[in-house]
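Each chain is listed here by its residues.
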Amino acid sequence: MSDENNITEIEPIVVGADDAPIEEVAPIVVATDTPTEAEADSAGDVSSPDALPPLSGSTTAAQRKDELENAVASNNIPQLVQILLTYAIEQGASDIHIEPMQNTIRVRYRVDGVLHRVIEYPRNLNPGVVARIKIVSNLKIDEQRLPQDGRTQLTTDEGREMDVRVSTLPTINGEKVCMRLQDKSRDIPNFDELGITGRNREVISRAIDAPNGIFLVTGPTGSGKTTTLYSALSILNQISDNIMTCEDPVEYQMDGLNQSQMRPEINFDFASGLRTALRQDPDIIMVGEIRDLETVEIAIRAALTGHLVLSTVHTNSSSETITRLIDMGAKPFLISSAVRAILAQRLVRKVCEHCREEIDAEPKLLENVKKDIANYVPASEREKNTIAKMQFYRGKGCEYCNGTGYKGRIGIYEALEITQEIQRLIVKERPANEIEDTALKEGLVKLRTDGILKALEGITTLEEVYEIVGR
């Protein structure tokens, strides 16, 4: 999704009002020369104050454009960084990319998974901008040869607490900065809000209701795996259970949980954290990620000794997760005994509710759809009627969605339940495609199928589903 061909222009929203009309504002491009890095001394004072002041949320997008232009024109580095952060939060961005090009510096925001170009400013400002970001995130200002990772926190004037993870990377044109924004004050969505419904929900519910075993969530980085685990933990969070988490980083803070931040630099990693958690009389343990044999072996041991373990793995599908665990070195018969269910997931953009309209799918696309859901058994009469109707939707573009036709994202899911037949195949080390074929006969809803069902319901579009999961 980050390919240059997918970049569109942001048309910023009016700040502080979710339903307010959008002002059309073109990306800001500041005329530049090609100065040298030595001109950084003229980039203004970056060192004071060290902390970021509260972010204002009472300015319109057009005013924000003027503020950015004025900050660049006056070489006001602290103000420029402040406005870039404020504007990103107003746009609902998950990431800010500050990228040195040959003749200019480009800033892009990732909104709903897609990168948008926001501003370009002179190269001579970038050393000051990078230094300012390093100061507030406790990084070494004079280290420009090696990548660095840091973090800072900020608060909007509305009281929203934001965690900002900062990563710097040396490139041939200077240091690139990526800032990931995490709203610490946001509510944890429930299964309905995540889009977990039907058989997928039944499989997950059975897995987390079990007194012991492992529930795994898989998918690429940024697909919402941690959010899904926390949604499950919010259900499990009872006074009668001791819930431990081992995370890097801790993305949500939830009362009732004992949450630990992993610190690999001092050898406090997932394996050692999980081992220590088992000495804390746990009932339920959440591990941020299973990435090596040691961690998976401890997780299996915990599951087989009466604990419920929730974690994530990086694979492409639910059935491939079994193969991945075996490749790590885990014994198949232990996997079959310990794992209860595996949930694969992706995020797709939602059709804008303000400009949604019915459309007829292209004949070739419609043919693909019918083929993909030919063997799917509807979970309800309503779903049966929806499939029979074969009506699809799109957003035609409006002020609310910046003309994109999309607003927000939702998950599509594939929940593999480890039944007795699947256990038998795991023990025999059968390939992932054979496990998937058997699971389909038992009712597995594939990612593509769940996406198509959501497209038929007007939640997303067919183009978005096939873009994310392939045709």
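Analysis parameters
For every chain, the first residue of the written sequence is number 1, and numbering continues from 1 onward in sequence order. With the structure being a predicted model, the display of local features is reserved for residues of pLDDT at least 70 and the display and counting of side-chain atom pairs for 80 or more, all residues being used for whole-chain, interface and lining totals. The basis for the side-chain values is all heavy atoms of the structure; hydrogens and waters are excluded. The term nonpolar core refers to a set of buried residues drawn from Ala, Val, Leu, Ile, Met, Phe, Trp, Tyr and Cys, joined through side-chain atoms within 4.5 Å. Residue burial is assigned from relative accessible area. The probe radius is 1.4 Å, only protein chains are included, and a residue is buried under 20% of its type maximum, exposed over 50%, and partly exposed in between. Numbering of helices and strands starts at the N terminus; helices are DSSP runs of H or I of at least 4 residues and strands are runs of E of at least 2. Expected span of a helix: the number of residues minus one, times 1.5 Å. Here, a strand pair is defined by DSSP locating no fewer than two bridges between the strands. For Phe, Tyr and Trp, where Trp contributes only its six-membered ring, two rings pair if their centres lie within 6.5 Å, and the inter-plane angle classes them as stacked under 30 degrees, edge-to-face over 60, or tilted in between. The term polar contact refers here to a pair of N or O atoms within 3.5 Å; inside protein, the definition further demands a hydrogen-donor-capable atom paired with an acceptor-capable atom, and it admits residues adjacent in sequence only when both atoms are side-chain atoms. Note on disulfides: each one is a pair of cysteine sulfur atoms within 2.5 Å. The pocket and cavity definitions rest on a 1 Å grid over protein atoms only: a 1.4 Å probe that fits but cannot leave marks a cavity, an open set with protein on both sides within 12 Å along at least five of seven lines marks a pocket, and residues lining either have an atom within 4 Å of a point. Grid points are joined across faces, edges and corners, and a volume is the space filled by probe spheres set on the points. Salt bridge, as applied in this entry: a Lys or Arg side-chain nitrogen positioned within 4 Å of an Asp or Glu carboxyl oxygen. What counts as an axis is a line fitted to C-alpha atoms, over the stretch in contact for a helix, and the angles between N-to-C directions run from 0 to 180 degrees. Residue contacts are defined here by distance: any two heavy atoms, one from each residue, within 4.5 Å place the two residues in contact.

Asks: Explain the nonpolar core to me, using residue names and the numbers behind them.
Replies: Core analysis: the biggest nonpolar cluster contains 36 residues, and Ile214, Ile335 and Ile418 have the highest contact counts within it. Ranked by the residues each element gives to this core, the list is headed by helix 8 (residues 293-304), at six residues. By size, the runner-up hydrophobic cluster in this structure holds 34 residues, among which are Val72, Tyr87, Val166 and Met179.

Asks: Just give me the short version of helix 6 (residues 225-236), but keep the residues and values in it.
Replies: End to end, helix 6 covers 17 Å across 12 residues, agreeing with the expected 16 Å (1.5 Å per residue, within 8%). When you tally the buried positions in helix 6, you get nine out of 12 residues, the bulk of the element. All buried positions along helix 6 are accounted for by Lys225, Thr227, Thr228, Leu229, Tyr230, Ser231, Ala232, Leu233 and Leu236.

Asks: Any details on the pairing of strand 10 (residues 243-247)? Residues and values, ideally.
Replies: Most of strand 10 sits inside the fold, with five of its five residues counted as buried. With burial as the criterion, each face of strand 10 is covered, one bearing Ile243, Thr245 and Glu247 and the other bearing Met244 and Cys246. Here strand 10 pairs with strand 11 (residues 257-261) via five bridges, running parallel. Counted as the bridge partner of Met244 is Asn258 from strand 11. Direction of pairing for strand 10 relative to strand 12 (residues 284-287): parallel, over a ladder of four bridges. Across the sheet, residue Cys246 finds its bridge partner in strand 12, namely Val287.

Asks: Talk me through the packing of aromatic side chains; I want residue IDs and the actual numbers.
Replies: Geometry of an aromatic ring pair is reported as the spacing of the ring centres plus the angle between the planes. Here the structure, examined in full by the defined rule, presents two aromatic pairs. Pairing Tyr87 with Tyr109 gives two aromatic rings, centres 5.7 Å apart and planes at 70°, and the pair type is edge-to-face. Of this pair, Tyr87 sits in helix 2 (residues 77-91) while Tyr109 sits in strand 4 (residues 105-111), and the two are 22 residues apart along the sequence. Neither Tyr87 nor Tyr109 differs from the other in exposure class; each is buried. Between Tyr230 and Tyr252 the ring centres are 5.1 Å apart and the planes differ by 45°, which places this aromatic pair in the tilted class. Residue Tyr230 is located in helix 6, and its partner Tyr252 is located in the loop between strand 10 and strand 11; the two are separated by 22 residues in the primary sequence.

Asks: Got a sec to walk through the pairing of strand 6 (residues 148-155)? Specific residues and values, please.
Replies: The alternating pattern of strand 6 places Gln148, Gly150, Thr152 and Leu154 on a buried face and Asp149, Arg151, Gln153 and Thr155 on a face that is not buried. Bridging between strand 6 and strand 7 (residues 161-171) involves eight bridges; their strand directions are antiparallel. Note that in strand 7 the partner of Gln153 across the bridge is Asp163. Count of turn residues in the strand 6/strand 7 antiparallel hairpin: five residues, of which Gly159 carries a positive phi of about 95°.

Asks: Go over the side chain of Thr321 with me, naming the residues and quoting the values.
Replies: Relative to the assigned elements, Thr321 resides in helix 9 (residues 318-328). One polar contact links the side chain of Thr321 to the main-chain carbonyl oxygen of Ser317, over a distance of 3.1 Å.

Asks: So, the state of the cysteines: which residues are in play, and what are the values?
Replies: Scanning all chains against the criterion turns up zero disulfides. Free cysteine Cys352: the closest other cysteine sulfur is in Cys398, separated by 3.7 Å. Cys352 sits in the buried class, given a relative accessible area of 0%.

Asks: Quick one: what's the story with the layout of surface pockets, residue by residue and with numbers?
Replies: The volume enclosed by the second largest pocket comes to roughly 710 Å³. Lining the second largest pocket are 32 residues; nearest its centre among them are Tyr376, Val377, Val445, Thr449 and Leu453. Going through the elements one at a time, helix 5 (198-209), helix 11 (363-372), helix 12 (381-389), helix 14 (432-441) and helix 15 (447-456) are the ones with two or more residues in the lining of the second largest pocket.

Asks: So what's going on with the pattern of salt bridges? Residues and values would help.
Replies: A full pass over the atoms with the stated rule returns 20 salt bridges. One salt bridge connects Arg448 with Asp372, and the closest N-O pair in it is separated by 3.8 Å. Here the residue Arg448 occupies a position in helix 15, and Asp372 occupies one in helix 11, the gap between them amounting to 76 residues.

Asks: Let's hear about the sheet that holds strand 11: which residues, and what values?
Replies: With mixed pairing, the seven strands of this open sheet are ordered in space as 11-10-12-13-9-14-17. With partners counted over all chains shown, the strands left at the sheet margins are strand 11 and strand 17 (406-417), one partner each. With direction set aside, neighbouring strand axes in the sheet form an average angle of 20°. The pairing of strand 9 (residues 213-218) with strand 13 (residues 308-313) spans six bridges and is classified as parallel. Looking at strand 13, one finds that Val217 is bridged to Thr312. Its contacts with the sheet place helix 6 against strand 9, strand 10, strand 11, strand 12, strand 13, strand 14 (339-351) and strand 17, and it is angled at close to 165° to strand 13. Lying over the sheet, helix 8 contacts strand 9, strand 12 and strand 13, oriented at roughly 140° with respect to strand 9.

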